Structure formats: C-alpha cells, structure tokens
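# Observations on chain architecture
Residues per chain, in single letters:
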Amino acid sequence: MPAKMTIELRDLHFQAFHGLYEEERKTGNEFRVGLLAEYIPTEEVITSINDTVNYAALFNIIKEAMKSPVNLLETLAIDIANTIHERFPQVIKIKVSVYKLYPPIATFNGEVGVSYEREY
C-alpha cells in the first residue's frame, strides 16, 4: 500500500459575508475554516515544493472563496473542495469544515458549521 500524506490547515479565521439573510450580507460574520487534503507522494522523501501540495496555495484558494458571498455554508465547502481538486488533481481526499461563529439565531450560544468530505 502506498504511503499517504495529509496537508492540514487548521483554525483559519475570516470576516466574510456569507448567509441567507440580507443583514448577514451587509454586516458579515466571523468564520473558521479547516482543511485536510490527502495525496499519495510521488517521491519517497519530499525535498521540493513541487513534490507536495503547497499549503500556501491551499490557503489562497480558501481566502479567495471567502471573498465571494454564498447563501449556504454547504455551497462554500463544496466550492472550496472542487477548486482545490481542480488545482491539485493529485489530491485523493479532501475534507473542508466551515463554521459560522455568530449565527443569527435568537438566544443561540455557540457556532454552526458544516463539513464536506470527498474522495477522488
């Protein structure tokens, strides 16, 4: 069985304007994003950025997705995963988690989120 490598980005924080409600689109909210991207390395020992999935590029994909408001967290997570796989087709498994830290729910104390996981 070939070795697998997982690139992780944890606890990324963004101010963004995703949501169903007009007020969310105006004032925005705080979001937390996490990513796991798994691939099979082509080299036994990775010594070059060209032999791996660049985590800075992954961060930039997420950052750009956060700039384009969507209604649902589900849409956002799927869009991020699809963009990553298009850019890095060697990725065989992706898990994207997106949390809205202050959802507009009366008397709600906590955060809401979704996780999207896909194998290619």
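This text follows the structure it describes.
Below, the structure is looked at part by part. The shown structure was predicted, so the numbers you read here are calculated from the model rather than taken from an experiment.

### A few points about the side chain of Thr-52
By the element assignment, Thr-52 lies in the loop between strand S2 (29-39) and helix H2 (55-66). In terms of polar contacts, Thr-52 uses its side chain to reach the side chain of Tyr-39, at 2.6 Å. Once residues within four sequence positions are removed from consideration, Thr-52 is found in contact with Ile-7, Tyr-39, Ile-46 and Gln-90.

### Some points on unusual backbone geometry
Phi is positive for Asp-11, which is not a glycine, with a value near 55 degrees. For Asp-11, the location among the structural elements is in strand S1 (residues 5-16). Accessibility expressed as a relative area gives 48% for Asp-11, which makes it partly exposed. Positive phi outside glycine occurs at Thr-107, with the angle close to 60 degrees. Assignment of secondary structure puts Thr-107 in the loop between strand S3 (91-100) and strand S4 (112-119).

### Considering a nonpolar patch on the surface
On the surface, a cluster of nonpolar side chains totalling about 320 Å² of accessible area is made up of Leu-20, Tyr-21 and Leu-72. Assignment of secondary structure puts Leu-72 in the loop between H2 and helix H3 (73-87).

### Here's the deal with H3
Along an α-helix, residues three or four positions apart point the same way, because every turn accommodates 3.6 residues. In this model, H3 (15 residues) spans 21 Å end to end at C-alpha, consistent with the 21 Å of a helix rising 1.5 Å per residue. Within H3, the full set of buried residues consists of Leu-73, Leu-76, Ala-77, Ile-80, Ala-81 and Ile-84. What you see down the axis of H3 is that its buried residues fit within an arc of 130 degrees, all on one side.

### Quick word on the sheet that holds S2
Strand order in the open sheet formed by four strands is S1-S2-S3-S4, and the pairing between neighbours is antiparallel. In the strand order of this sheet, the two ends are held by S1 and S4, each with one partner. Averaged over all adjacent pairs, the angle separating strand axes in this sheet is 10 degrees, with direction ignored. The pairing of S3 with S4 spans eight bridges and is classified as antiparallel. Of the residues in S4, the one forming a bridge with Val-98 is Val-114. Lying over the sheet, H2 contacts S1 and S2, oriented at roughly 30 degrees with respect to S1. Sheet strands in contact with H3 are S2, S3 and S4, and its direction is about 150 degrees off that of S3.

Basis of the calculations
- Residues numbered from 1 in each chain as written.
- Predicted model: local features only at pLDDT ≥ 70, side-chain atom pairs only at ≥ 80, totals over all residues.
- Heavy atoms only, no water.
- Helix = DSSP H or I, 4+ residues; strand = E, 2+ residues; numbered from the N terminus.
- Polar contact = N/O pair within 3.5 Å; in protein donor to acceptor, adjacent residues only side chain to side chain.
- Contact = heavy atoms within 4.5 Å.
- Buried < 20%, exposed > 50% of the residue type's maximum accessible area, 1.4 Å probe, protein only.
- Patch = residues over 30% accessible without salt bridge, like charges linked within 9 Å, V, L, I, M, F, W, Y side chains within 5 Å.
- Areas by Shrake-Rupley, 256 points an atom, 1.4 Å probe, with all protein chains shown as cover.
- Salt bridge = Lys/Arg side-chain N within 4 Å of Asp/Glu carboxyl O.
- Expected span 1.5 Å × (residues − 1).
- Arc of directions from axis to C-beta.
- Pairing = 2+ DSSP bridges.
- Axes fitted to C-alpha atoms, helices over the stretch in contact; angles between N-to-C directions.

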